[in-house]
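Survey of secondary and tertiary structure
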Amino acid sequence: MPTTAPALEIDGLIKDFGPVGALDGRMMRVLDGVNLRALHGAVTVLLGANGAGKTTTLECAQGLQRANGGLVRLLGEDPYRASPHLRARVGVMLQDGGLPPSVRPLALLRHVASMYSAPLPVDALAERLGLDEFGAVSIRRLSGGQKQRLALACALVGRPEVVFLDEPSAGLDPQSRTIVFDLIRELRADGLAVILTTHLLDDAQRLADYVYIVEGGRTVAEGTVAELTADKDSDGVRELRFDTVPGLTLPPELLPHLRQLESEPGQYVLRGELTASDVAHLAQWWAACGVMPTTISLAPRSLEDVFLDISGRSIR
Amino acid sequence: MRATSGTQGAAVTSPSRATSGSAAGLPARILRQGAYESLAMLRNGEQLVLAIVLPLLALAALVITPLLDAHGPSRIDIAAPGVLALCTMSTAFTGQGIATGFDRRYGVLRFLSTTPLGRSGLILGKAVAVVAVLAVQLVVIGGAAVLLGWSPRPEGILPAALLLLVGSAAFTALGLLVAGTLRPEATLAVTNLVWILLAAAGGILIPASGLPTAVEPLISVLPSAALGDGLRSALLDGVLDPIACLVLLAWASLASLAAIRWFKWS
């Protein structure tokens, strides 16, 4: 029976690194109040820009780093003092892979499997992740996507109840991406707690049951994608894109509440709360300029808008 | 059997609660890590040169040249214990230091410490690997020495085995200390340089008593001289040198404490 207790509970997590330099003994605070709760049968996403503290949060949860303050409970235990039995219930895929370059992929997977008393069948797992296509070459010859798939297999081979995936889509080609994303959904359906980090809004939007936005070492917002992108004050349209001739300048007084940018020559993006009368004003302006856009599209508030509203900057 | 691949997806990942996430037993984990690491060392070309080829060359050189003639009647009897000490330094210090330094760089140490193996299992696995590779070296190098006419004192075998174990512990701890505190390129340079310096003038191949009297007291407290001289006392005279044993124990303890204090896993 899957338990209803959270698989991972983090409360007010604080982590300092340092000393910063040899002469300067000051510590640098990298995490300053991360709160997080991850449930079984759900994909929990830590979303944030590079350097926001996502990986350090995962490392504290995995027991690779000792917290300087706050509470971390992984399956009810302190992960820094994890017993082998606790580690056997948790699978980890590190951001840099943790793969020895001179070893062959299947030899590594077999070795990792040998640390568990009842691992998944290595051949079937390798086939499922397409590792058998490159099982005989050494790891240093693998592409980024192939390494990510191998690291994922190493995280799953012990039949974990909780898996940590640090930037699982980094370096993935489209084929690997489909394999990995399908597998993540399958793990969720099987009742695992999947905890992953990403700086890609699209990944978060596609995979997450629950999102924590991490910014400056803190969790600054949380909710389902629908909750985070819900918009009480407008009809929910937050973006208008149109393509036409390059070099047009929208008069600033025309739609002052919208952010305007020409992302590529001839491709325009307006962001903000859009109403029908805004669209009418825009159409009048096009007519006055004598242009007709080739495409026009509206989009609801996305995680990107949420991130912009919170941090005042783009995630990239 | 690959025919069922299309329908196996769910079965592959589904962690049936009855069997989910259980660790293999502690001895099994440590022995498997030890076997994995010793095979990795024996398959690696540079490591093999360090572990087997260079000690064999040293053995041949000491038997052919008159370097050891001042220390006793039989060149091979004096040379062989020193070369076994050199083997220990090759595998435990330089070999394990370089392997660990690069594993640390690639995140292998961090990843394995999240599996049931854990940090302590990883270190114990390395100790098993050192002993296993050393056993291979003893067979190969010891066998070559016997072919060259080496006849160690039988009553010295047990003291020699004890010294080899304590010496392995001391050199492994020193190798891990270097690997855990320096970049892997620096570890490579330092462990190779120290190996050459100690092999040449560390009392390991040539007895410390043969060195200039001004440096002899300094050299004889090095782990290299303690292991070399200790093995020579055991295998030439059949006695356990207590001073050598204490010096090696001291190095093993101090280096282990320092490694525990300063080793960085990432």
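Residues numbered from 1 in each chain as written. Chains lettered and ligands numbered in written order. Predicted model: local features only at pLDDT ≥ 70, side-chain atom pairs only at ≥ 80, totals over all residues.

- In the nomenclature of an unreviewed UniProt entry, chain B corresponds to ABC transporter permease from the organism Arthrobacter cheniae.
- For the record of chain B, the UniProt heading Subcellular location (unreviewed entry) holds the text "Membrane". (UniProt positions renumbered as here; feature names shortened; annotations may be inferred.)

Considering the UniProt feature "transmembrane region" (unreviewed entry) in chain B
Residues and elements named next belong to chain B.
- The UniProt record annotates "transmembrane region" (unreviewed entry) at residues 48-68, 80-102, 123-150, 156-179, 186-208 and 239-263.
- Taken as a whole, residues 80-102 contains 100% helix and 0% strand, while its terminal C-alpha atoms sit 32 Å from one another.
- When the span residues 123-150 is considered, its composition is 89% helix and 0% strand, and the gap between its end C-alpha atoms is 35 Å. (Helix = DSSP H or I, 4+ residues; strand = E, 2+ residues; numbered from the N terminus.)

Here's the deal with the packing of helix H4 (residues 75-105) of chain B against helix H10 (residues 223-237) of chain B
All names here are of chain B.
- Contact pair H4 / H10: the axes reach a minimum separation of 8 Å and the direction vectors enclose 140°. Regarding the angle of H4 to H10, the classification is oblique. In terms of crossing hand, the pair formed by H4 and H10 is right-handed. On H10, the residues that touch Asp77, Ile78, Pro81, Gly82, Leu84, Ala85, Thr88 and Met89 of H4 are Ser224, Leu227, Gly228, Leu231, Arg232, Leu235 and Leu236.
- Of the residues belonging to the contact of H4 with H10, the class tally is nine nonpolar, four polar and two charged. (Axes fitted to C-alpha atoms, helices over the stretch in contact; angles between N-to-C directions. Parallel < 35°, antiparallel > 145°, perpendicular 65-115°, else oblique. Left-handed = near helix turned anticlockwise from the far one by under 90°. Contact = placed C-beta atoms within 7 Å. Nonpolar A, V, L, I, M, F, W, Y, C, P; charged D, E, K, R; others polar.)

Side note on the pairing of strand S10 (residues 237-243) of chain A
All names here are of chain A.
- For S10 and strand S13 (residues 295-300), the ladder comprises six bridges, and the chain directions are antiparallel. Paired with Leu240 across the two strands is Leu298, which belongs to S13.
- Judged from the five bridges that link them, S10 and strand S12 (residues 267-271) form a sheet pairing that is antiparallel. Of the residues in S12, the one forming a bridge with Leu240 is Leu270. (Pairing = 2+ DSSP bridges.)

Things to note about the pairing of S12(A)
Residue and element names in this part refer to chain A.
- Along S12, the buried face is formed by Tyr268 and Leu270; none of Gln267, Val269 and Arg271, which line the opposite face, is buried.
- Sheet topology note: the strand S11 (residues 259-264)/S12 ladder contains five bridges and is antiparallel. Bridge assignment links Leu261 to a residue of S12, and that residue is Val269.
- Here S11 folds back onto S12, and the loop between the two strands holds two residues, one of which, Gly266, carries a positive phi near 90°. (Buried ≥ 20, exposed ≤ 12 C-beta atoms within 10 Å, placed from the backbone.)

Overview of the environment of Gln137(B)
All names here are of chain B.
- Note on placement: Gln137 falls in helix H6 (residues 118-147).
- Here the alpha-carbon distance between Gln137 and Met89, two residues 48 residues apart in the chain, equals 12 Å.
- Setting aside residues no more than four positions away along its own chain, Gln137 makes contact with Ala51, Ile52, Pro55, Cys87 and Thr91.

Quick word on the sheet that holds strand S2 (residues 28-38) of chain A
All names here are of chain A.
- Strand order across the open sheet formed by three strands is S2-S1-S4, with antiparallel pairing between neighbours. The sheet is open, and its two borders are formed by S2 and strand S4 (69-74), each paired with just one other strand. Between one strand axis and the next, the sheet turns through 25° on average, direction left out of account.
- Two elements, strand S1 (residues 8-17) and S2, share eight bridges in a ladder whose sense is antiparallel. Residue pairing for S2: Lys15 is matched across the bridge by Leu31.

Quick look at helix H3 (residues 105-113) of chain A
- Among the residues of H3(A), Pro105(A), Leu108(A), Leu109(A), His111(A), Val112(A) and Ala113(A) are the ones counted as buried.
- Structurally, H3(A) contributes buried residues whose contacts are with helix H4 (122-128) and helix H5 (144-156) of chain A together with helix H2 (26-43) of chain B.

As for the sheet that holds S12(A)
All names here are of chain A.
- If you trace the four strands from one edge of the open sheet to the other, you get S11-S12-S10-S13, paired in antiparallel fashion. Two strands bound the open sheet, and with one partner strand each, they are S11 and S13. Going across the sheet, the axis of each strand differs from the next one's by a mean of 20°, ignoring polarity.

Overview of the packing of helix H3 (residues 45-64) of chain B against H4(B)
Residue and element names in this part refer to chain B.
- Here H3 crosses H4 at 160°, and the two axes come no closer than 9 Å. The angle between H3 and H4 falls in the class roughly antiparallel. Every pair of crossing elements has a handedness; the one defined by H3 and H4 is right-handed. Note on element contacts: H4 touches H3 through Arg75, Ile76, Ala79, Ala80, Val83, Leu86, Cys87, Ser90, Thr91, Thr94 and Gly95, opposite Gln47, Leu50, Ala51, Leu54, Pro55, Ala58, Leu59, Leu62 and Val63.
- Grouping the amino acids of the contact of H3 with H4 by side-chain chemistry returns 14 nonpolar, five polar and one charged.

Structural notes on unusual backbone geometry
Residue and element names in this part refer to chain A.
- Unusually for a residue other than glycine, Arg159 sits at a positive phi of about 55°.
- Along the polypeptide, Arg159 turns up in the loop between H5 and strand S6 (162-166).
- The exposure class of Arg159 is buried, given the 24 C-beta atoms found within 10 Å.
- For Glu167, which is not a glycine, the phi torsion comes out positive at approximately 50°.
- Its location among the elements puts Glu167 in the loop between S6 and helix H6 (174-189).
- Assessed through the 22 C-beta atoms surrounding it within 10 Å, Glu167 is described here as buried.

Details of the interface of chain A and chain B
- Contacts between the two partners involve 37 residues from chain A and, on the opposite side, 29 residues from chain B.
- Listing elements by their share of the side of chain A that touches chain B, those giving two or more residues are helix H2 (84-88), H3, H4 and H6 of chain A.
- Looking at the side of chain A that touches chain B residue by residue, the classes come out as 20 nonpolar, eight polar and nine charged.

Digging into the environment of Tyr268(A)
All names here are of chain A.
- Note on placement: Tyr268 falls in strand S12.
- Each C-alpha atom, one on Tyr268 and one on Leu120, is 50 Å from the other, the two residues being 148 residues apart in sequence.
- Ignoring sequence-local partners within four residues, the contact set of Tyr268 consists of Arg241, Phe242 and Glu262.

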